[in-house]
Each structure stands twice: as structure tokens, then as C-alpha cells.
Amino acid sequence: MNNTDRQTHWENVYATKAEREVSWFQENPAPSLDLIAATGILSDAAIIDVGGGASRLVDSLLEKGFSRVAILDLSANALE
């Protein structure tokens, strides 16, 4: 599968399914938040959620006071 095919696939997934319809959805990303907390990084650390899609991780990090967070995803639909 080339990059164009991957992007088309993920655009289709996020255009046709609600966030709760995908198997990887987590209402509360507690496992990821726990792992991030275990690193001991400060709230001014830069964090990027690669393949974050419609994840709630960045929202949760912002709520916890992190300010330098970003999401990278192939799908514009996911990021909306």
C-alpha cells in the first residue's frame, strides 16, 4: 500500500465512522496519560501524538496543563 492509498483509506474510515465505531476509541486515554506521567516530563514539554486521529489524548493533556502538544495524522477528516 502506498502513501496515497493509506491516506485515502484513513480519510474513508473517518468520513464513514463515528469515533465510537472504531475499535481503538477510548473515552478516557488513561493508559497513555499514565505512561506520560511516569516519564516525569514537565507540562512545558513538547508532545506530538503521531497518528492521533480523533484521539482524546491531546484534549486530556491540555486539561492537565500541557501547552506544547500537537497531533499528526494522514487524515484531515480525523483531525477535524
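All chains use their own residue numbering, which begins from 1 and follows the written sequence. Residue-level local features of this predicted model are given only where pLDDT is at least 70; pairs of side-chain atoms are given and counted only at 80 or more, and the full residue set underlies all totals for whole chains, interfaces and linings. Processing note: side-chain calculations cover all non-hydrogen atoms of the structure and skip hydrogens and water entirely.

K.L.:
Is there a simple way to think about the overall build of the protein in this case?
P.N.:
A helix here means a DSSP run of H or I that spans at least four residues, while a strand means a run of E at least two residues long, and both kinds are numbered starting from the N terminus. From N to C terminus, the protein includes 4 helices and 2 strands. Start at the N end of the protein and walk to the C end: the helices and strands fall as α-α-β-α-β-α. Projected onto its principal axes, the C-alpha coordinates of the protein cover approximately 40 × 25 × 20 Å. Only protein chains enter the area calculation, which uses a 1.4 Å probe; residues under 20% of their type maximum are buried, those over 50% are exposed, and those in between are partly exposed. Counting over 80 residues, the protein shows a buried share of 25%. Whether two residues are in contact is decided by their heavy atoms, any of which lying within 4.5 Å being enough. A separation of at least 24 residues holds for 49% of the contacts in the protein among residues at least 6 apart in sequence. Areas reported here follow the Shrake-Rupley algorithm with a probe of radius 1.4 Å; residue values treat only the protein chains shown as occluding. Carbon and sulfur atoms make up 52% of the accessible area of the protein, which amounts to about 5500 Å² in all. Counted charges follow a simple rule, with Lys and Arg positive, Asp and Glu negative, and His plus the chain ends left uncounted. To locate a charge, take NZ of a lysine, CZ of an arginine, CG of an aspartate or CD of a glutamate. Charge-centre separation for the protein: the mean point of 6 positive side chains lies 3 Å from the mean point of 12 negative side chains.

K.L.:
Is there a simple way to think about the pairing of strand β1 (residues 46-50) in this case?
P.N.:
Burial along β1 is one-sided: Ile47 and Asp49 are buried, while Ala46, Ile48 and Val50, pointing the other way, are not. In this region the chain leaves β1, passes through helix α3 (residues 57-63) and returns to the parallel neighbour strand β2 (residues 68-72); the handedness of that crossover is right-handed. Every crossover in which the path from the first strand over the helix to the second runs clockwise, viewed with the strands pointing away from the viewer, is termed right-handed.

K.L.:
Would you explain a nonpolar patch on the surface in this entry?
P.N.:
Each patch is built from residues lacking any salt bridge and having more than 30% relative accessible area; the joining distance is 9 Å for like charges and 5 Å for nonpolar side chains (Val, Leu, Ile, Met, Phe, Trp, Tyr). By convention in these notes, a salt bridge is any Lys or Arg side-chain nitrogen within 4 Å of a carboxyl oxygen on Asp or Glu. Where nonpolar side chains cluster on the molecular surface, the patch consists of Ile48, Val50 and Leu72 and spans about 300 Å² of accessible area. Position of leucine 72 among the secondary structure elements: in strand β2.

K.L.:
Sorry, what's going on with the nonpolar core here?
P.N.:
Core analysis: the biggest nonpolar cluster contains 6 residues, these being Leu33, Ile36, Ile47, Leu57, Leu61 and Phe66. Elements that contribute at least two residues to this core include exactly α2 (30-39) and α3. Setting aside residues no more than four positions away along its own chain, isoleucine 47 makes contact with Ile36, Ile41, Leu61, Phe66, Arg68, Val69 and Ala70. Here, nonpolar core refers to any group of buried Ala, Val, Leu, Ile, Met, Phe, Trp, Tyr and Cys residues whose side-chain atoms link them within 4.5 Å.

K.L.:
What is the right way to read the side chain of aspartate 73 from this model?
P.N.:
Tracing the sequence through the fold places aspartate 73 in the loop between β2 and α4 (76-79). We note that aspartate 73 is buried and unpaired, the nearest opposite charge coming from arginine 6 at a distance of 11 Å. Engagement of the side chain of aspartate 73 in a polar contact is seen with the backbone nitrogen of serine 75, the distance being 2.9 Å. Polar contact criterion, stated in full: a pair of N or O atoms within 3.5 Å, where within protein one must be able to donate a hydrogen and the other to accept it, and residues adjacent in sequence count only if both atoms are side-chain atoms.

Keep in mind these values describe shape, not function.
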